[in-house]
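Understanding the architecture of this molecule
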Amino acid sequence: MKTALFEIIENQPIAHDIFRMRLVGDAHGISAPGQFVNIALEGCFLRRPISVSDYDDHGLTLIYKVVGRGTEKMSTLHVGEMLDVMLPLGNGFTVASHQHPLVVGGGVGIAPLYALTKRLGNATVVLGVRSKEDLFFEREFSALGAKVFIATEDGTLGTKGFVTDAIRENDINFDYFYTCGPMPMMKALVAMIRSTTSGQLSFEERMGCGFGACMGCSLQMRSGSRRVCKDGPVFNMEDVVW
Amino acid sequence: MVDTRVSLAGVMLQNPIIPASGVYGFGGEFRDFYDPNILGAICLKGTTLEPRFGNPTPRIAECTAGMINSVGLQNPGVDAVIAHEIPALREFYHQPIIANISGFSVDEYRECCRRIDAHVDIIEVNVSCPNVHNGGMTFGTDAHCAAEVTKAVKSVTKKPVFIKLTPNVTDIVPIARACEDAGADGLTLVNTFLGMRIDIHRHRPVLANVMGGFSGPAIFPIALRMVYQVANEVHIPVMGCGGVRSASDVVEMMMAGATAVQIGAATLRDPILCKTIIEELPVLLNKLGYERCDNSLRLCRQ
Ligand SMILES: Cc1cc2nc3c(=O)[nH]c(=O)nc-3n(C[C@H](O)[C@H](O)[C@H](O)COP(=O)(O)OP(=O)(O)OC[C@H]3O[C@@H](n4cnc5c(N)ncnc54)[C@H](O)[C@@H]3O)c2cc1C
Ligand SMILES: Cc1cc2nc3c(=O)[nH]c(=O)nc-3n(C[C@H](O)[C@H](O)[C@H](O)COP(=O)(O)O)c2cc1C
Ligand code: FES
């Protein structure tokens with residue numbers, strides 16, 4: 001864990017209010033997909049936690065949605081500027097070997113699933129967004145060799161409805177799942193699966209520090225109190241109290 | 001070279017810089033960033049007799065130049081702190097440790113102190129937590145209650161006892177005096193200010209607990225004012241706390257009358273802040289013409 005300056009080499013919109021930022025710097029501490037970084041921004045007191053969407057030793061890619069002051073500020077940064085980044089944070093996904101892994105992403109929660117899918121190799125991917133213009137990475141996931149299904153709430157692309165509808169409609173068969181997205185989506189997914197299949201879920205929580213010191217992000221899990229930033233953000237389905 | 005050592009009610013610190021309770025956990029989390037042995041002391045997370053999960057999330061709300069927390073004294077309980085946290089810290093850390101204890105009755109404060117007494121160097125008594133009901137801050141907003149807690153804790157320890165006061169009072173001076181009269185060896189000023197934020201999109205408070213404790217750079221002038229008011233009225237040392245984020249803030253706190261200075265919220269954004277300040281403080285004092293970190297810094301009462 002450290003703070004380091006990364007150089008912005010790309011920062012541009014890839015969907016409605018969604019930006020891709022590519023950073024160059026020493027990223028070799030990142031060891032698992034689903035880990036995140038915490039970004040210091042001028043004019044914001046706290047850092048902003050953003051998942052690592054893709055990484056190698058020399059840099060990382062972030063996908064972020066503009067929702068408030070911090071992400072707005074991020075969207076105004078220019079190529080060549082330096083960013084104060086704390087990393088690597090969190091546990092990330094444990095890449096297990098299963099015959100039919102399913103990857104389910106909702107909204108900007110799709111971001112960290114890219115590096116995961118790269119490592120899984122044989123995944124089926126279901127992406128849920130509100131509308132066609134909110135979708136990103138469909139082609140990138142396909143390029144990884146994954147089978148990709150889309151659900152849009154307004155029916156502008158793929159299945160009309162939620163990710164659970166897309167899974168049913170396409171009769172997707174899976175023996176393990178990985179998911180990241182809004183809480184109601186993850187809840188609906190787990191309710192549909194009804195404990196027949198195990199999986200890992202990535203959580204969000206408002207954070208004070210991002211590195212385990214302040215207890216700002218604690219959730220009550222079956223195994224006890226767990227910090228989303230340090231013990232998570234990824235938790236096993238069996239550990240989650242709904 | 002400037003001598004940065006300070007004596008805190010008889011405990012020698014190599015410098016006056018201390019991470020405040022609640023932002024440093026039990027010491028382990030900052031090890032990646034720097035060796036904690038450079039610190040003056042470490043103040044542990046607030047500890048209660050029984051384990052506490054704390055409040056539901058969201059527990060954190062950002063503010064202009066600060067933050068509100070409603071963690072609610074999450075801790076594993078005093079016995080686990082003694083059995084696991086302090087031994088783990090002592091393995092790599094050899095400077096003084098300050099316990100920060102809290103309770104829901106005078107008896108609980110006393111018992112918590114009695115148990116942790118042998119394992120730490122200084123006891124800081126939090127009578128100022130705004131995030132728990134029927135305890136914490138209610139003891140610190142009343143001079144009589146604060147004095148009762150002070151007496152109870154003093155009766156079970158020979159270690160220096162610092163009472164950490166809340167700024168959420170009309171006049172902090174009588175409460176500070178009551179603690180001194182009840183035998184306190186020092187005071188910590190201040191804990192967080194009761195605050196609140198509202199999420200205008202969701203039409204509800206940001207924090208699950210509605211209100212929480214506001215801290216960070218925004219509160220510095222108020223904390224400084226309270227340190228100044230109190231330090232001139234009592235004869236026991238004061239640890240200044242609230243909004244500090246630079247060596248010059250530390251010097252201001254010491255000029256206001258603080259003997260040592262605690263740093264809270266600012267270390268969450270900048271985890272190496274304490275290290276930076278420890279490096280910059282002697283340089284700044286030297287520039288200002290001071291040779292020591294002592295009373296010579298203090299303003300005369302204007
Ligand atoms: C582990 C983790 C990974 C994340 N990964 C991504 C990602 O890859 N892409 C992405 O777009 N977003 C991600 N988020 C959410 C992102 O952190 C927030 O959208 C962002 O902090 C909002 O900041 P703001 O200043 O724009 O919004 P504001 O609402 O102005 O922020 C105010 C405060 O609330 C906090 N906050 C607001 N929304 C959230 C949220 N959903 N989660 C946590 N804190 C929040 C902010 O950090 C800030 O402290 C992630 C969150 C977590 C916890
Ligand atoms: C996340 C967080 C947790 C805290 N927990 C405690 C605690 O357990 N006990 C305590 O006495 N003070 C606690 N405090 C208060 C700080 O120790 C300090 O008094 C206050 O934050 C003011 O200093 P600052 O402005 O530098 O943050 C906490 C503060 C924060 C931000
Ligand atoms: S955000 Fe501080 S412990 Fe998780």
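Reading guide: rules and limits
- Residues numbered from 1 in each chain as written.
- Chains lettered and ligands numbered in written order.
- Predicted model: local features only at pLDDT ≥ 70, side-chain atom pairs only at ≥ 80, totals over all residues.
- Heavy atoms only, no water.
- Helix = DSSP H or I, 4+ residues; strand = E, 2+ residues; numbered from the N terminus.
- Buried < 20%, exposed > 50% of the residue type's maximum accessible area, 1.4 Å probe, protein only.
- Polar contact = N/O pair within 3.5 Å; in protein donor to acceptor, adjacent residues only side chain to side chain.
- Contact = heavy atoms within 4.5 Å.
- Phe/Tyr/Trp six-rings, centres within 6.5 Å; stacked < 30°, edge-to-face > 60°.
- Lys NZ or Arg CZ within 6 Å of the ring centre and 35° of its normal.
- pLDDT = per-residue confidence, 0-100.
- Pairing = 2+ DSSP bridges.
- Axes fitted to C-alpha atoms, helices over the stretch in contact; angles between N-to-C directions.
- Expected span 1.5 Å × (residues − 1).
- Bend = angle between axes of the 7 residues up to and from the residue.

Time to look at the side chain of A:Thr71. Residues and elements named next belong to chain A. Relative to the assigned elements, Thr71 resides in helix 1 (residues 69–75). In this structure Thr71 comes out as buried when scored by relative accessible area, which is 9%. Only 2.8 Å separates the side chain of Thr71 from the backbone nitrogen of Val67, close enough to count as a polar contact. Excluding anything up to four places from it in sequence, Thr71 contacts Tyr64, Lys65 and Val66.

In total, this model carries 15 aromatic pairs over all chains according to the counting rule given. Plain terms: the ring middles of A:Tyr114 and A:Phe137 are 5.1 Å apart, the flat faces sit at 55° to each other, and that makes the pair tilted. In this pair, A:Tyr114 is assigned in helix 2 (residues 113–120) and A:Phe137 in the loop between strand 9 (124–129) and helix 3 (138–143), connecting sequence segments 23 residues apart. Judged on exposure class, the residue A:Tyr114 and its partner A:Phe137 are both buried. When the ring of A:Tyr176 is compared with that of A:Tyr178, the centres are 5.1 Å apart and the planes differ by 70°; the resulting orientation is edge-to-face. The pair A:Tyr176 / A:Tyr178 is uniform in exposure class, with both members buried. What links up through ring pairs into an aromatic cluster is the set A:Phe211, B:Tyr24, B:Phe30, B:Phe33 and B:Tyr34. Lying over the aromatic face of B:Phe92, B:Arg31 brings its terminal NZ or CZ to 3.8 Å of the ring centre.

What follows deals with the confidence of the model for chain B. Looking at chain B, pLDDT values average 95 and 97% of them are 70 or higher. Scored by ipTM, the complex comes to 0.94, with pTM at 0.96.

Next up on the list: the sheet that holds strand 16 (residues 234–236) of chain A. All names here are of chain A. With mixed pairing, the seven strands of this open sheet are ordered in space as 11-10-9-8-12-13-16. Two strands bound the open sheet, and with one partner strand each, they are strand 11 (159–160) and strand 16. Each of strand 8 (101–106), strand 9 and strand 12 (176–180) is contacted by helix 2, which is oriented at about 170° to strand 8, the strand it contacts most. The sheet contacts of helix 5 (residues 183–193) involve strand 8, strand 12 and strand 13 (199–202), and relative to strand 12 the element is tilted by about 165°.

With that settled, the discussion passes to helix 2 of chain A. Residues and elements named next belong to chain A. Where burial is concerned, most of helix 2 is hidden: six out of the eight residues are buried. Tucked into the core, helix 2 has its buried residues touching strand 5 (54–56), strand 8, strand 9, helix 3 and strand 12. Gly121 occupies a position one or two residues after helix 2 and carries a positive phi of about 80°.

The next point concerns helix 1 (residues 78–92) of chain B. All names here are of chain B. With 15 residues, helix 1 should cover 21 Å at 1.5 Å per step; its first-to-last C-alpha distance of 21 Å lies within 8% of that length. Maximal helix bending in helix 1 amounts to about 30°, located at Glu85; proline Pro87 follows within four positions. Its buried side turned inward, helix 1 meets strand 4 (42–43), strand 7 (97–101) and helix 2 (106–116).

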